[in-house]
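Each chain, written out:
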Amino acid sequence: MALALLSPRPARPRAELVIGRSTLRFYEGDCLNILPGLAPATVGIVVTSPPYNIGVKYRSYDDDMPRREYLNWSYRWIGAVARIVRPDGSFFLNVGAKPTDPWVPLEVAQQARQYFKLQNTIHWVKSIAIDREAAGRSA
């Protein structure tokens with residue numbers, strides 16, 4: 001699958017913080033619009049928690065895409081992340097699922113596998129129950 005990104009335009013951080021020799025830049029917006037404007041292999045760390053595609057009712061995002069469309073979208077944004085992360089950089093991906101569709105995070109991880117090596121897996125088990133409406137419809 002070819003990776004197609006929008007034509008790059010300089011991305012402007014929403015906030016910037018300098019601590020010692022490190023500069024932290026925070027961007028707000030759609031990563032497929034922002035990341036092409038960043039220089040390749042210049043970002044040390046990317047931390048993300050994309051929508052899980054589990055049917056959450058967001059105001060302006062469809063969290064219930066057909067599976068193939070969601071995985072294609074994941075492939076595109078993960079490829080955009082891979083382009084900007086330095087060879088010695090890190091990518092932290094938080095993905096989730098609902099009880100009726102536990103495979104989503106593993107399928108997203110397969111998209112990331114095409115660009116990154118898995119080094120660690122952290123399991124966060126919430127001690128709260130998810131009501132049926134919040135869990136979305138079953139797959």
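Owing to the predicted nature of the structure, the values given are computational and were not obtained by experimental measurement.

Visitor: Explain the overall build of the chain to me, using residue names and the numbers behind them.
Guide: Scanning the chain from N- to C-terminus turns up 4 helices and 4 strands. When the helices and strands of the chain are placed in sequence order, the string is β-β-α-β-α-β-α-α. For the chain, the residues scored as buried account for 25% of the 139 residues in total. For the chain, restricting intrachain contacts to residue pairs at least 6 apart in sequence, the fraction spanning at least 24 positions comes to 70%. For the chain, the exposed area adds up to about 10400 Å²; of that, 54% sits on carbon and sulfur atoms.

Visitor: Account for helix 2 (residues 67-84), with residues named and values stated.
Guide: Its 18 residues place the ends of helix 2 26 Å apart at the C-alpha level, agreeing with the 26 Å of an ideal helix rising 1.5 Å per residue. By the burial criterion, the buried members of helix 2 are Tyr70, Leu71, Trp73, Ser74, Tyr75, Trp77, Ile78, Gly79, Ala80, Val81 and Ile84. Buried-residue contacts for helix 2 involve helix 1 (31-34), strand 3 (43-48), strand 4 (85-93) and helix 3 (104-113).

Visitor: So what about the layout of surface pockets? Which residues, and what values?
Guide: Space inside the second largest pocket adds up to approximately 1100 Å³. Forming the walls of the second largest pocket are 29 residues, and the residues nearest its centre are Arg25, Tyr27, Leu35, Val46 and Val47. At the level of elements, strand 2 (22-26), helix 1, strand 3 and helix 2 are the ones that each hand at least two residues to the lining of the second largest pocket. In terms of residues, the lining of the second largest pocket owes the most to one element, strand 3, which gives 6 residues. The residue makeup of the lining of the second largest pocket, split by class, is 19 nonpolar, 6 polar and 4 charged.

Visitor: Give a detailed account of a nonpolar patch on the surface, specifying residues and quantitative values.
Guide: Judged by side-chain polarity, Leu17, Ile19, Leu24 and Phe26 come together as a nonpolar surface patch covering roughly 370 Å² of accessible area. Among the secondary structure elements, those contributing two or more residues to the nonpolar patch are strand 1 (15-19) and strand 2. Here Leu24 is to be found in strand 2.

Visitor: Describe the environment of Trp124, listing the residues and the values that go with them.
Guide: Along the chain, the position of Trp124 falls in the loop between helix 3 and helix 4 (132-135). Along the backbone, Trp124 and Asn94 are 30 residues apart, and their C-alpha atoms lie at a distance of 9.6 Å.

Visitor: Provide a residue-level description of the pattern of salt bridges, including the pertinent values.
Guide: Here the idea is simple: oppositely charged side chains can pair when their charged atoms come close. Tallied over the entire structure, the rule returns 5 salt bridges. One salt bridge connects Asp101 with Arg67, and the closest N-O pair in it is separated by 2.1 Å. Remark: Arg67 occurs in helix 2 and Asp101 occurs in the loop between strand 4 and helix 3; sequence separation between them is 34 residues. Note that Asp88 and Arg86 form a salt bridge whose closest N and O atoms lie 2.9 Å from each other. Under the relative-accessibility criterion, Arg86 is labelled partly exposed at 34%.

Visitor: Please give an account of the side chain of Asn53 that cites residues and values.
Guide: Structurally, the position occupied by Asn53 is in the loop between strand 3 and helix 2. A residue is classified by how much of its surface remains accessible, and Asn53, at 7% relative accessible area, is buried. Side-chain polar atoms of Asn53 contact the backbone nitrogen of Asp64, separated by 3.4 Å. If we ignore the near neighbours within four places in the chain, the residues touching Asn53 are Asp62, Asp63, Asp64, Met65 and Tyr70.

Analysis parameters
- Residues numbered from 1 in each chain as written.
- Predicted model: local features only at pLDDT ≥ 70, side-chain atom pairs only at ≥ 80, totals over all residues.
- Heavy atoms only, no water.
- Helix = DSSP H or I, 4+ residues; strand = E, 2+ residues; numbered from the N terminus.
- Buried < 20%, exposed > 50% of the residue type's maximum accessible area, 1.4 Å probe, protein only.
- Contact = heavy atoms within 4.5 Å.
- Areas by Shrake-Rupley, 256 points an atom, 1.4 Å probe, with all protein chains shown as cover.
- Expected span 1.5 Å × (residues − 1).
- 1 Å grid on protein atoms, 1.4 Å probe; cavity = no way out; pocket = protein on both sides within 12 Å on 5 of 7 lines; lining within 4 Å.
- Points joined across faces, edges and corners; volume = space filled by probe spheres on them.
- Nonpolar A, V, L, I, M, F, W, Y, C, P; charged D, E, K, R; others polar.
- Patch = residues over 30% accessible without salt bridge, like charges linked within 9 Å, V, L, I, M, F, W, Y side chains within 5 Å.
- Salt bridge = Lys/Arg side-chain N within 4 Å of Asp/Glu carboxyl O.
- Polar contact = N/O pair within 3.5 Å; in protein donor to acceptor, adjacent residues only side chain to side chain.

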